[in-house]
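Overview (structure and organization)
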Amino acid sequence: MEKNINNESSLNDPKLGSTSFEVPKGYFEALPSAISDKIAVSPLAESISRPLPFRAPDGYFEQLSLSVQRRISPEGPVRRLFKPVLALSLAAVITGVFFLFRAGDSAHPVPFAMEPLTVAELEDSYLLFDLDEDVLSAAYSAQIAAAADDNEELEDYLIDNESDFSQINIEL
Amino acid sequence: MQEFEDAELLEKFAQEATRHYAFNLIIRKYQERLYWHVRKLVVDHDDANDLLQDIFVKVWKALPGFRQDAQLYTWMYRIATNECLSFLRKKNRRFFLPFQDAERELSQRLTNDPLFTGDQLQLKLQQAILTLPPRQRIVFNLKYFDGKKYEEMAEILDMSVGGLKATYHIAAKKIEKILLEA
């Protein structure tokens, strides 16, 4: 009888199973996640095959390393901001303007401190059609960054939280 | 091509004479995985290419200070993810577009993208993913397509496991709703 009672109590021992069966390592740690994933993904999404439906252009990965190496080489990236002819024309205009100022007001020389062009100035200028895209892009970015600087954290928060961004832009 | 262990690559990178060679090997070892991570998030190949190059330039600059607290790949993954988040935010800000408009434009581009190889259902899924805010999109992609564990995602995204589960749950529910309505 006493032996039977001992057997019964040993049946209730949760460790009993571990002597006969084993589960993969980390199984119970991963189980809640696996179950919640099954619940979270809808049956419809689950039925869509998971390989990404994109491809990269042929030969892309063969040349990527070269493109990056070019950018990090000690000489730095070779970027042509201006076409040579345009650059020469622009240099001539700047030189001309410089001498014009000096000739017109030689008694009171104008301090030669060029302020960056504003976007409005760029847009009003015929130079708009001749300037390199990078110059315009930099001017736009600078203006937008200056305007948005104080609100950047707020905007990040709003974007991350899917707020109605259009309303915020109006206030900016 | 022989694939070196990260420790060997970092050792070669630490030596001036073999630095460029080692970095070339690092790019070749991880470029595809990082490309697909970025491509999933920004969808457009040209954007992904620009970003990936920027990411590797950042890695090049930061690698001398890499303390090896995390694995090299996890560290690069984190840089890539932050770059993508920053790109997506800037993109919306640059064009002064509401978030939904920027994504609608990308969604339309996807329809005519010759590099998109999926069927109608996969197109709908991608378009639904594009409606998610950037962080939800990242969490959904990492979990759904890459099958990443929450613990690993927590390390990459610097979020708590609980927060990630909630984010994934919300994202999956939104996608389910869109797919059912479509």
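Bear in mind that the values here come from a model prediction, so they are computed numbers and not experimental data.

1. Observations regarding the overall build of chain A
Across its full length, chain A carries ten helices and zero strands. Along chain A, helices (α) and strands (β) appear in the sequence α-α-α-α-α-α-α-α-α-α when read from the amino end. Per-residue burial for chain A yields a buried fraction of 4% across its 172 residues.

2. Overview of the confidence of the model for chain A
Residue and element names in this part refer to chain A. For chain A, per-residue confidence averages 61 on the pLDDT scale, and 24% of positions sit at 70 or higher. Looking over chain A, one finds the lowest element-wise mean pLDDT in helix H10 (residues 165-171), namely 47, and the highest in helix H5 (residues 60-72), namely 93. In this model residues 109-115 is a low-confidence stretch, pLDDT under 50, and it forms three contacts with partners more than four residues away in sequence or in other chains. With pLDDT under 50 throughout, residues 122-131 is counted as low confidence; its partners more than four residues away or in other chains account for seven contacts.

3. Details of the packing of helix H7 (residues 134-144) of chain B against helix H9 (residues 161-181) of chain B
If you want to describe how two helices pack, look at the angle between their axes and the distance between the axes. Residue and element names in this part refer to chain B. For the pair H7 and H9, interaxial distance at closest approach is 9 Å and the crossing angle is 95°. Between H7 and H9, the crossing angle belongs to the class labelled roughly perpendicular. Taking contact as the criterion, the partners of Arg135, Gln136, Val139, Phe140 and Lys143 in H7 are, on H9, Leu164, Thr167, Tyr168, Ile170, Ala171 and Ala172. Here the contact of H7 with H9 is composed, by residue class, of seven nonpolar, two polar and two charged.

4. Comments concerning the environment of A:Ile72
The topology assignment puts A:Ile72 in helix H5. A:Ile72 sits in the partly exposed class, given 18 other C-beta atoms within 10 Å.

5. Regarding the nonpolar core
Residues and elements named next belong to chain B. Among the nonpolar cores identified, the biggest contains 47 residues, and Leu34, Val38, Leu52, Met76, Val139 and Phe140 are the most heavily contacted of them. If you tally residues by element for this core, the top one is helix H2 (residues 19-42), at eleven residues. Two domains each put at least three residues into this core: domain 1 (1-94) and domain 2 (117-182). In this structure leucine 34 touches Leu52, Ile55, Met76 and Ala80, once residues within four positions along its chain are discounted.

6. With respect to unusual backbone geometry
Residues and elements named next belong to chain B. The phi dihedral of valine 43 is positive, around 70°, even though this residue is not glycine. When you line up the elements, valine 43 lands in the loop between H2 and helix H3 (45-62). On the basis of neighbour count, valine 43 is assigned to the buried category, with 23 C-beta atoms found within 10 Å. Positioned with a positive phi, aspartate 158 is a non-glycine residue whose angle comes to about 55°. Assignment of secondary structure puts aspartate 158 in the loop between helix H8 (150-157) and H9.

How each quantity is defined
Residues numbered from 1 in each chain as written. Chains lettered and ligands numbered in written order. Predicted model: local features only at pLDDT ≥ 70, side-chain atom pairs only at ≥ 80, totals over all residues. Helix = DSSP H or I, 4+ residues; strand = E, 2+ residues; numbered from the N terminus. Buried ≥ 20, exposed ≤ 12 C-beta atoms within 10 Å, placed from the backbone. pLDDT = per-residue confidence, 0-100. Contact = placed C-beta atoms within 7 Å. Axes fitted to C-alpha atoms, helices over the stretch in contact; angles between N-to-C directions. Parallel < 35°, antiparallel > 145°, perpendicular 65-115°, else oblique. Nonpolar A, V, L, I, M, F, W, Y, C, P; charged D, E, K, R; others polar. Core = buried A, V, L, I, M, F, W, Y, C linked by C-beta atoms within 7 Å. Domains from an automatic or database assignment.

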